[in-house]
Structures are given as C-alpha cells and as structure tokens.
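Breakdown of the fold
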Amino acid sequence: MPPATEFNYYIAIGEGIKAVAAEAGVEVFMLAPQSGADINGQMGMIQDVLTQDVDAIIFGTHDEFAAAPLLKQAVDKGMAVLMINSDIPNFPTPIHGVVGYSQRNGTHAIADWAIETYGDRPLKVGIIEGQPGYHSTERVGGFLDGIEGNDNFDVVVSIDGKWNVEGGNTAGMDILQSNPDLDMIFAANDYMIIGASFAAKALGRNDIVLLGNDGDTSGLEEIAAGNITATVNTSPFLMGKAAMHATIDALNGSYPGGWIETPTSIEDKDGAISVLQEPEKLFPQPSKEY
C-alpha cells in the first residue's frame, strides 16, 4: 500500500515485493490512490483492507499520524504490518518493522559529494522540498546538515515541489526566475529534480548543478544523458525484496522487529550508467541498453 501510484519509485518497490512473493508462493495485491496528496484516499483503502482476509500489510504513507490508528487495528487483528521507504524511529503505533534507507544520511552524503566536487567556490543554492512530512523533513534536513558550516554554500530559497515532476517544474521555474544567479538546486526526490531540469532547459540554464534523491530509472537515465548532475541511489527494487523477506519472517514469527537499513550510493553520470547496465535490478526497465 504505497502512498500513490503516480510514483514509479513505489511501483519498483512493488516489483521487488512481487519477485520474492512469487518464489515463496505468496499472493500480493496493491492498493493506492493515484496522487500522493490524497491522504484521505489512502486511509479509505487501509480501512477497506481491514475488512479483507489479508495476513500482512506493507505500506508507505505521507501522513503517519493519519495512518497510525488504522494500522493499530491491523496489528490488533493479527496482521503483520511493515513500513517501506523509511527509517522512522518510532512509528506512532507499534508495527512489526520498517524497511528502508537512512533518509537523512543519504542526503547528507550527496551534500558531502557536492562539497567535494564544487565546494571550492561560492554557490547560491535552491532547495525543492516534498510535501510537508517526515520524508521531506529528513531529506532536506540531511542536505542542510551536510552543507552547514561551509561558507561557500548559501541557501537562498526553499519551496515545496509536491513530490512530482509537474511540481518540481513549477518550483524550479519560480526558483530560477527569482534567483537568476542560482548555481545549484537540490530536490528531495528525483521526480522534482527532473521537473526542475525541464525549467532550467526552458530558461537556457545548462550551467545549473541539479541534485536529486531516489535512484528512479527515469532519474538515472536523465543523469546518463547529462540533464541532471547526480542523485542518491536508494535501489527501490532491492528494498522491495528486503521488505517481502522481512514480512514473511514476521508472519513466521522469526523477525525480531525494528529497522532493516537498505543501501544507498551517490551516482553521477558514470555511476548512473553502471547502474543502468544492471536492468534486472531496476523497474521500470531502462529505455535502452547501456
């Protein structure tokens, strides 16, 4: 139960889940609203699942406090409940486990990379946040932690890009038009930085450093094409496989609970091409062979 179907990232996680489920003979189905902003839609779907004969729920949400009372009901009914794409230390209600990468450490790492690569000169930086919530707070916070104390990085603007390409395009256009001397944009996910790259291209700004987060196939391909600079690759397909293994263990009573950390890496053009050369670990598949 991802927060939305508009994000291929969660579809990739789902493909990893399905790959392990097929090997284990587990039946899996997906329910999610189209838009990540449709919190009420997702809550309604969780309510529906509570009335069905399911053994486990694997979920991601943009509003953990809205989801918590419903997921408590799921746990009380004996369902195994695991969260994906998170490292939230204390979910508002006890659940069986969390599978994901360290949100803050991942974006701190791309800040470190940016300092190593571009930190020898003064830079004006814009930030595109996701919709308010845990994920945006942690990802933006990690990047800000990473550049804190470096006098060459000056954050001049930070606005919401709504997690999607259209929102990133609108935010990128606003940022670049209001700050024509901007040097760098960091976005809290790949969709928003792809949108910002369209804005930069439309304005003839091919000199902007564009940094994302996620490792979506589309983002990796944009990096390989030279349209985006780098991203935090969080391997969503492999995250999905880890989540399904943990869920099976929870159902069997052998999962101790807690957080399973999945790996991240910083990928620029060369690294993105290397990742794209292993299409079996990606979803959707790359548009061409690399």
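Residues numbered from 1 in each chain as written. Predicted model: local features only at pLDDT ≥ 70, side-chain atom pairs only at ≥ 80, totals over all residues. Heavy atoms only, no water.

What about the overall build of the protein?
- When you go through the protein residue by residue, the secondary structure sums to 10 helices and 10 strands.
- Compactness check: the protein gives a C-alpha radius of gyration of 19 Å against a globular reference of 19 Å for 290 residues, within 12% of the reference.
- Principal-axis analysis of the C-alpha atoms places the extent of the protein at approximately 55 × 40 × 30 Å.
- A total of 290 residues make up the protein; the buried ones form 53% of that total.
- Restricting the contact set of the protein to residue pairs at least 6 apart, pairs at least 24 apart contribute 73%. (Helix = DSSP H or I, 4+ residues; strand = E, 2+ residues; numbered from the N terminus. Rg over C-alpha atoms; globule rule 2.2 N^0.38 Å. Buried < 20%, exposed > 50% of the residue type's maximum accessible area, 1.4 Å probe, protein only. Contact = heavy atoms within 4.5 Å.)

Regarding the packing of helix α2 (residues 39-50) against helix α3 (residues 64-76)
- At a minimum axis distance of 10 Å, the contact between α2 and α3 shows a crossing angle of 5°. Our classification of the angle between α2 and α3 gives roughly parallel. Each of Ile39, Met43, Ile46, Gln47 and Leu50 in α2 lies in contact with α3, whose residues at this interface are Ala66, Ala67, Leu70, Leu71, Gln73 and Ala74.
- For the contact of α2 with α3, the residue count by class is 9 nonpolar, 2 polar and no charged. (Axes fitted to C-alpha atoms, helices over the stretch in contact; angles between N-to-C directions. Parallel < 35°, antiparallel > 145°, perpendicular 65-115°, else oblique. Nonpolar A, V, L, I, M, F, W, Y, C, P; charged D, E, K, R; others polar.)

Concerning the sheet that holds strand β7 (residues 209-211)
- In space, the 4 strands of this open sheet follow the order β5-β4-β6-β7, with parallel pairing throughout. Across the chains shown, the open sheet's two edge strands, defined by having one partner strand only, are β5 (153-160) and β7. Along the sheet, successive strands turn relative to each other by an average axial angle of 20°, direction set aside.
- Of the pairings in the sheet, the one linking strand β4 (residues 123-129) to β5 comprises 7 bridges and is parallel in character. Looking at β5, one finds that glycine 126 is bridged to valine 157. (Pairing = 2+ DSSP bridges.)

A few points about the side chain of serine 102
- The topology assignment puts serine 102 in the loop between β3 (97-100) and α4 (103-118).
- Exposure remark for serine 102: the relative accessible area of 8% places this residue in the buried category.
- Of note is the side chain of serine 102, whose polar atom sits 3.1 Å from the side chain of asparagine 105.
- Not counting chain neighbours up to four residues away, the residues in contact with serine 102 comprise Asp87, Trp259 and Glu261. (Polar contact = N/O pair within 3.5 Å; in protein donor to acceptor, adjacent residues only side chain to side chain.)

Overview of the pairing of β4
- Burial of β4 is extensive: 5 of the 7 residues sit out of reach of the surface.
- In terms of handedness, the path from β4 via helix α5 (residues 134-147) over to β5 forms a crossover that is right-handed.
- Pairing geometry for β4 and strand β6 (residues 184-187), over 4 bridges, is parallel. Across the sheet, isoleucine 127 pairs through a bridge with phenylalanine 186, a residue of β6. (Right-handed = clockwise from strand over helix to strand, strands pointing away.)

Some points on the sheet that holds β3
- The sheet built from 4 strands is open, its strands ordered β1-β2-β3-β9 with parallel pairing. Of all the strands in the sheet, the pair left with one neighbour each is β1 (56-59) and β9 (259-261). Strand-to-strand, the axes of this sheet are offset by a mean angle of 20°, without reference to chain direction.
- When β1 meets strand β2 (residues 80-84), the two strands line up parallel, connected through 4 bridges. Bridging from a neighbouring strand, isoleucine 57 pairs with valine 81 of β2.
- Along the sheet face, helix α9 (residues 236-252) touches β1, β2, β3 and β9 and points at about 160° away from the line of β2.

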